[in-house]
Amino acid sequence: KAGVTQTPRYLIKTRGQQVTLSCSPISGHRSVSWYQQTPGQGLQFLFEYFSETQRNKGNFPGRFSGRQFSNSRSEMNVSTLELGDSALYLCASSYGRRGDTQYFGPGTRLTVL
Amino acid sequence: KQEVTQIPAALSVPEGENLVLNCSFTDSAIYNLQWFRQDPGKGLTSLLLIQSSQREQTSGRLNASLDKSSGRSTLYIAASQPGDSATYLCAASIQGAQKLVFGQGTRLTINP
């Protein structure tokens, strides 16, 4: 079974631009969660989508948004990029039942200049 | 608010030693506790998941325990090898949400 895939793997953007990251979950998984990892804050939960609906949301500004498609693929968008948005963005997929094991993708490394 | 802490932040041991990594959490209302491994610049690899009703889980040389009453989990690695060098993260699954709260990780180095 193929694992979680994320594209692109690396991105360089400048302040003020916007960016879209993509995540394809493991086949059969209906839940996709997004996390931001930085050296200072560690891994922080952004949001979770299940069956095309945002089910949970972390404490991030409205510049961070996401969506999920009918095939469970998910996209995350960050508008008006700031230097502090530089991070490794990880997505995780699961069947979506509470307490399920979450399987992580390789991440997208975003650098904001 | 759930907080997860891992001590120590870094650990260096010679090859062949048995070692224990520690994880503590503030709220015992968790669904499960998951241990991950992260190699530099890579994503997370799930190692073990302990449901809240369980006390421990084992996979090969790894054994994870969970004590909800004291808010602690440990990851025991037997007969460590240089390939075990990585950052180990524990994460608590929050009740009522498909959300993981992570510790800051322990960076483990196994010296040949």
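Now for a look at the structure at hand. (Residues numbered from 1 in each chain as written. Chains lettered and ligands numbered in written order. Predicted model: local features only at pLDDT ≥ 70, side-chain atom pairs only at ≥ 80, totals over all residues. Heavy atoms only, no water.)

A separate point is the overall build of chain A. On a plain count of helices and strands, chain A comes out with 0 helices and 11 strands. Beginning at the N terminus, the succession of helices and strands in chain A can be written as β-β-β-β-β-β-β-β-β-β-β. Against the 2.2 N^0.38 benchmark of 13 Å for 113 residues, chain A shows a C-alpha radius of gyration of 13 Å, consistent with a compact globule. C-alpha extents for chain A along the principal axes are approximately 35 × 25 × 25 Å. Here chain A holds 113 residues, and the buried ones make up 50% of them. Counted over contacts in chain A with a minimum sequence separation of 6, partners at least 24 positions apart contribute 54%. Per element, the accessible surface of chain A, about 5,400 Å² overall, is 47% carbon and sulfur. Averaged over its 13 positive side-chain charges, chain A has a centre that lies 3 Å from the centre of its 6 negative ones. (Helix = DSSP H or I, 4+ residues; strand = E, 2+ residues; numbered from the N terminus. Rg over C-alpha atoms; globule rule 2.2 N^0.38 Å. Buried < 20%, exposed > 50% of the residue type's maximum accessible area, 1.4 Å probe, protein only. Contact = heavy atoms within 4.5 Å. Areas by Shrake-Rupley, 256 points an atom, 1.4 Å probe, with all protein chains shown as cover. Lys, Arg positive; Asp, Glu negative; His and termini not counted. Charge placed at Lys NZ, Arg CZ, Asp CG, Glu CD.)

With that settled, the discussion passes to the nonpolar core. Core analysis: the largest hydrophobic core is formed by 24 residues, its most contacted members being V4, L19, L33, W35, L75, I77 and Y88 of chain B. Mapped onto this core, the elements with two or more residues apiece are β3 (19–25), β4 (30–38), β5 (44–51), β7 (62–67), β8 (72–77), β9 (86–94) and β11 (106–111) of chain B. Here this core takes 5 residues from β9 of chain B, the largest share from any one element. The residues contacting V4 of chain B, other than those within four sequence positions of it, are C23, S24, F25, C90, A92, V101, F102 and G103 of chain B. With 21 residues, the next largest nonpolar core counts L11, W34, M76 and V78 of chain A among its residues. (Core = buried A, V, L, I, M, F, W, Y, C linked by side-chain atoms within 4.5 Å.)

Let's shift gears to the interface of chain B and chain A. At the junction of the two partners, chain B supplies 21 residues and chain A supplies 26 residues. Taking both partners together, chain B and chain A bury about 1,700 Å²; carbon and sulfur atoms supply 50% of that area. Among the residues chain B hides against chain A, the three largest losses belong to L44, Q98 and F102 of chain B. Together they make up 36% of the total. At the boundary of chain B and chain A, one finds 0 salt bridges. At the surface where chain B touches chain A, the tally comes to 3 residue pairs in polar contact (both at pLDDT 80 or more). Every element with two or more residues in the side of chain B that touches chain A is listed here: β4, β5, β9 and β10 (100–102) of chain B. For the side of chain B that touches chain A, the leading source of residues is β4 of chain B, giving 5 residues. (Buried area = accessible area lost by both parts, 1.4 Å probe. Salt bridge = Lys/Arg side-chain N within 4 Å of Asp/Glu carboxyl O. Polar contact = N/O pair within 3.5 Å; in protein donor to acceptor, adjacent residues only side chain to side chain.)

Keep in mind these numbers describe shape, not what the thing actually does.
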